[in-house]
Amino acid sequence: MKVLVQRALNASVTVEGEVVGAIDHGQLVLVGIEKGDTEMDVQRLADKLLKYRMFSDDEGKMNLNVQQVNGGVLLVSQFTLAADTKKGLRPGFSSAAVPAEGERLFNAFVEKVRAQHDKVATGEFGADMKVAFTNDGPVTFMLD
């Protein structure tokens with residue numbers, strides 16, 4: 001499981017011209033589910049995501065997490081994070097979870113995050129999504 005988290009001033013996901021999820025200040029989180037990922041991985045990364053200190057304190061140091069700054073979390077499934085890019089010029093997706101398992105674990109991840117934080121929005125699993133955001137910093141981390 002891979003989670004690409006970006007500190008955002010704002011973020012939104014649009015599907016077929018309709019905004020399905022949006023946040024103001026907080027985290028835009030792209031979630032890639034791989035074969036072999038488990039509920040344990042889901043819980044561990046949900047906990048880490050919410051506790052990850054990527055927001056600045058009064059002294060400008062990254063000492064605060066998304067909960068401490070009362071930020072939103074926008075979770076977006078993105079199977080391309082599981083791509084194998086080591087060979088050739090075209091990505092391979094054999095390490096990505098099959099869609100049904102990916103959706104199950106993504107939904108479990110959403111539930112785990114929502115159980116600990118009340119400002120959570122999502123994209124739509126498997127949809128052609130348009131993601132718009134303003135990266136703050138820029139600040140981006142890969143959690144796995």
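Everything numeric here is computed off the predicted structure, so don't read it as measured data.

Enquirer: In this structure, what is going on with the packing of aromatic side chains? I would like to understand it.
Expert: Pairs of aromatic rings are described using the distance from one ring centre to the other and the angle between the two planes. If you walk through the whole model with that rule in mind, you get 3 aromatic pairs. Seen in terms of ring centroids, Phe79 and Phe93 are 4.9 Å apart; in terms of plane orientation they differ by 55°. Their pairing is tilted. Separated by 14 residues along the polypeptide, Phe79 in the loop between strand S6 (72–77) and helix H2 (99–116) and Phe93 in the loop between S6 and H2 bring together distant segments of the chain. On the accessibility criterion, Phe79 (52% relative accessible area) is exposed.

Enquirer: Please clarify how the environment of Val13 should be interpreted in this entry.
Expert: Within the secondary structure, Val13 is located in strand S1 (residues 2–15). As for Val13 and Thr122, which are separated by 109 residues in sequence, their C-alpha atoms are 7.7 Å apart. For Val13, the residues in contact, after removing those within four places along its chain, are Glu18, Val19, Val20, Gly21, Leu74, Val76, Gly123, Met129, Lys130 and Val131.

Enquirer: What exactly am I supposed to notice about the pairing of strand S2 (residues 18–23) here?
Expert: The two faces of the sheet receive side chains in turn, since in a regular strand these alternate between them. Where S1 lies against S2, 5 bridges are found, and the strand directions are antiparallel. Looking at the pairing, Val13 lines up with Gly21 of S2. Between S1 and S2, which pair antiparallel and follow one another directly, the connecting turn spans 2 residues, one of which, Glu16, has a positive phi of 50°.

Enquirer: How should I be thinking about the pairing of S6 in this particular structure?
Expert: Of all 6 residues in S6, 6 are buried; the element is thus mostly enclosed. Both faces of S6 are covered, namely the face carrying Gly72, Leu74 and Val76 and the face carrying Val73, Leu75 and Ser77. As paired elements, strand S3 (residues 26–32) and S6 share 6 bridges and run parallel to each other. Within the sheet, the bridge partner assigned to Gly26 lies in S6 and is Gly72.

Enquirer: When you look at the pattern of salt bridges in this model, what are you seeing that I'm missing?
Expert: Where charged atoms from two side chains of opposite charge approach closely, those side chains can pair. One pass over the full model with this rule turns up 5 salt bridges. The residue Arg104 makes a salt bridge to Glu39 at a minimum N-O spacing of 2.6 Å. Taken as a pair, Arg104 in helix H2 and Glu39 in helix H1 (residues 39–51) lie far apart in primary sequence, 65 residues in all. Lys130 is the partner of Asp128 in a salt bridge, and the nearest nitrogen-oxygen pair spans 3.3 Å. Both residues of the pair, Asp128 and Lys130, belong to the exposed class. The structure contains a network of salt bridges with shared partners spanning Glu39, Glu101 and Arg104.

Here is what the cut-offs are and how they apply
- Residues numbered from 1 in each chain as written.
- Predicted model: local features only at pLDDT ≥ 70, side-chain atom pairs only at ≥ 80, totals over all residues.
- Heavy atoms only, no water.
- Phe/Tyr/Trp six-rings, centres within 6.5 Å; stacked < 30°, edge-to-face > 60°.
- Helix = DSSP H or I, 4+ residues; strand = E, 2+ residues; numbered from the N terminus.
- Buried < 20%, exposed > 50% of the residue type's maximum accessible area, 1.4 Å probe, protein only.
- Contact = heavy atoms within 4.5 Å.
- Pairing = 2+ DSSP bridges.
- Salt bridge = Lys/Arg side-chain N within 4 Å of Asp/Glu carboxyl O.

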